[in-house]
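# Residue-level structure breakdown
Now for the letters of each chain:
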Amino acid sequence: MKSAVETLSPTRAKLTVEVPFEELKPSLDAAYKAIAQQINVPGFRRGKVPPMVIDRQVGREAVLAQAINEALPQVYNDALRENELEPLSQPELDITRQDDEGLEFVAELDVKPEVTIPSYDGLAVEVEDAVVTDEEVDTQLDAMRERFGTLSDVERPAADGDFVTIDLQATKDGEDIEGAQLSGMSYQVGRGGMLDGLDEAVTGLSAGDSTDFTSQLVAGDLVGQDVDVAVTVTGVQEQELPELDDDFAQQASEFDTLEELRADVRERLGRGKRLEQAAAARDAVLEKLLEQVEIPLPESMVAEELTARRQSIEQQLAQAGMSMQAYLDEEEQTVDEFEADLSDRVRDAVAAQFLLDEIAKTEEFGIEQQELSEHLIRRAQQSGQDPQEFANHMFAHNHIPELVQEILRGKALAKIVEAATITDASGDPVDVTNLRPDGTLGDPAADEAGDGAEGDDAVAEYAVGGADESADESADESADESADESADESADESAEQGDAKA
């Protein structure tokens, strides 16, 4: 086999391959054998038809075409390895010759660009202080109080913060919209996140009152269109919250005093702050390193990733009951600004992948089976799937190499983050190396004895599987953990006291 490469651009190559007939002989023999099993020729047993007879029956060209189809994938992969090309897309393949002299074909494909790694020793970045304010602690405690609040019926118009029971029916041009009706739904006035205009419509209504307003549906065939909504309030309830004192601390948690509970909430919020800070440090270090290198990007890969990101955002908005226009209004963005911002983020993400891949290759990182298993479990948890089912799907659809690459990128990111000098806004050093995945700080001596693997995992986790979302979710989980656990432990007790609002 002979092959040659023509560079069309930093991310596009033209591969020309010539294969002499002798190298195609095994595939040709296999084609004759396979065809002999498929045809019936008088005077010959199935599978025993000679090649010359097959040539007369089906044609030499058909046999040769089948042999080439069988040989082509392996020949193409061999040519990629021979020329050290890393493909990023399926090739545009053109067979220029196939006859008894051999095979010749040309393939154009997107390839991974060459990346020169800039020095990442001594990078200096600054992140915000990881400070938990009294207001944040109070907000968390108020959320806990709401979990243990009780609801009581009132005979007055609904006000902000009240819970109303409502019936809804949406119509378009006087016709009921299928699937756009609700009955007996409980809704907190002022909470938002449902239909635009609902809060204003129900405020001031008493039980039995009805009104109409215009809004836009966030799902269905009429999404984004103006519709008429009729709402009827069938009940109004006032929420009564327990006093924030030692009795509440004992009711809502394992602590005896409010101060102990407050300290625990502050510590848990602090974990989330440290995770947010680590994510910010990761982003800052990676951004600074990317500024020092020019990485050409294949437009096909950027376009594919852009489409995937856009669809993911639209799905998340639909699940949250929000239209794209409502999201843009909330973010104070136009469609063009949203698209430009998304394009910039996608380009940065693709460039970061190429850079981290090259660092992982240069550092000769490897992975252990346990690392892959832990990563599979983490990805399954992030997607809300059963770990075994998730793993089976990944193996069945050959996604394991992608997961391996994610782990290697995580290790590369950990390498450059740990080599950087990170300080907070107050000028104090930020410890990322000893940060654990739960937001606590490990013992440096213990981590050193364990080769620092725990700190590496904490940093690397942010490089893979939706890094930005992981950081946000981890912070939110740490912030809510105290309230969640306390609510679970006291659920029975709260039920005995009244209608608990969970």
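Residues numbered from 1 in each chain as written. Predicted model: local features only at pLDDT ≥ 70, side-chain atom pairs only at ≥ 80, totals over all residues. Heavy atoms only, no water.

### Some remarks on the packing of helix H7 (residues 258–290) against helix H13 (residues 400–418)
Helix packing geometry: the angle between the two helix axes and the distance between the axes. Going by this rule: Comment: axis = line fitted to C-alpha atoms, over the contacting stretch for helices; angle = value between 0 and 180 degrees taken between N-to-C directions. Runs of E in the DSSP output that reach at least two residues are strands. Runs of H or I that reach at least four are helices, and both are numbered from the N terminus. Oblique is the label for any angle not under 35 degrees, not over 145, and not in the 65 to 115 range, which are roughly parallel, roughly antiparallel and roughly perpendicular in turn. Here, two residues are considered to be in contact whenever any of their heavy atoms come within 4.5 Å of each other.
In contact at an axis separation of 10 Å, H7 and H13 are set at 90° when each is read in the N-to-C sense. Accordingly, the angle class assigned to the pair H7 and H13 is roughly perpendicular. Counting all contacts with H7, which are made through Arg 282, Val 285, Leu 286 and Leu 289, the residues of H13 involved are Leu 413, Ile 416 and Val 417.

### Details of the pattern of salt bridges
We count it as follows: Salt bridge, as applied in this entry: a Lys or Arg side-chain nitrogen positioned within 4 Å of an Asp or Glu carboxyl oxygen. We call a residue buried when its accessible area falls under 20% of the maximum for its residue type, exposed when it is over 50%, and partly exposed in between, using a 1.4 Å probe and counting protein chains only.
All told, the structure shown has 25 salt bridges when counted by the stated rule. Residues Arg 310 and Glu 339 are paired through a salt bridge, measuring 2.9 Å at the closest nitrogen-oxygen approach. Here the residue Arg 310 occupies a position in helix H8 (residues 299–319), and Glu 339 occupies one in helix H10 (residues 335–363), the gap between them amounting to 29 residues. In this structure Arg 310 comes out as partly exposed when scored by relative accessible area, which is 22%. Residue Glu 339 is classed as partly exposed on the basis of its relative accessible area of 27%. Residue Lys 411 is joined to Glu 371 by a salt bridge in which the shortest nitrogen-to-oxygen separation is 2.8 Å. With Lys 411 in helix H13 and Glu 371 in helix H11 (residues 369–383), the pair connects residues that are 40 residues apart, well separated along the chain. Looking at Lys 411, the relative accessible area reads 21%, which means it is partly exposed. Judged by relative accessible area, which is 21%, Glu 371 ranks as partly exposed. Each of Glu 86, Lys 112, Asp 357, Lys 361 and Arg 409 takes part in salt bridges that share partners, so that together they form one network.

### Regarding the nonpolar core
The line we're drawing: To qualify as a nonpolar core, a set must consist of buried Ala, Val, Leu, Ile, Met, Phe, Trp, Tyr and Cys residues joined through side-chain atoms within 4.5 Å.
Counting 38 residues, the largest nonpolar core has Ile 295, Ile 416 and Ile 422 as the members making the most contacts within it. For this core, the secondary-structure elements that each account for two or more residues are strand E5 (124–127), H7, H8, H10 and H13. Considering each element in turn, this core owes the most residues, eleven residues, to H10. The residues contacting Ile 422, other than those within four sequence positions of it, are Val 125, Val 127, Ala 281, Val 417, Asp 428, Pro 429, Val 430 and Val 432.

### A closer look at the side chain of Asp 162
Heads up, the condition is: Side-chain atoms alone can form a polar contact between residues adjacent in sequence; in general such a contact is a pair of N or O atoms within 3.5 Å, and within protein one must be able to donate a hydrogen while the other accepts it.
Assignment of secondary structure puts Asp 162 in the loop between strand E6 (150–153) and strand E7 (163–172). Within polar-contact distance, the side chain of Asp 162 engages the side chain of Arg 156 at 2.7 Å. A polar contact of 2.8 Å, which involves the side chain of Asp 162, links it to the backbone nitrogen of Ala 159.

### Comments concerning the confidence of the model for the chain
Rules: Note: pLDDT gives the predictor's confidence per residue, expressed from 0 to 100.
Mean pLDDT for the chain: 85, with 88% of residues reaching 70 or above. Of the regions scoring below 50 in pLDDT, residues 451–456 engages in 13 contacts with residues more than four places distant in sequence or in other chains. A low-confidence stretch, residues 462–502 (pLDDT under 50), is modelled with 80 contacts involving residues beyond four sequence positions or located in other chains.

### Points about the sheet that holds strand E1 (residues 2–9)
Rule in force here: The criterion for strand pairing is that DSSP finds at least two bridges linking the strands in question.
With antiparallel pairing, four strands are arranged side by side in an open sheet as E1-E2-E4-E3. On the outer flanks of this sheet lie E1 and strand E3 (92–99), each paired with one strand and no other. Averaged over all neighbouring strand pairs, the angle between strand axes comes to 10°, with direction disregarded. With seven bridges connecting them, E3 and strand E4 (residues 102–110) associate as antiparallel partners. Paired with Arg 97 across the two strands is Glu 104, which belongs to E4. Along the sheet, helix H3 (residues 60–82) makes contact with E1, strand E2 (12–20), E3 and E4, crossing E4 at roughly 50°.

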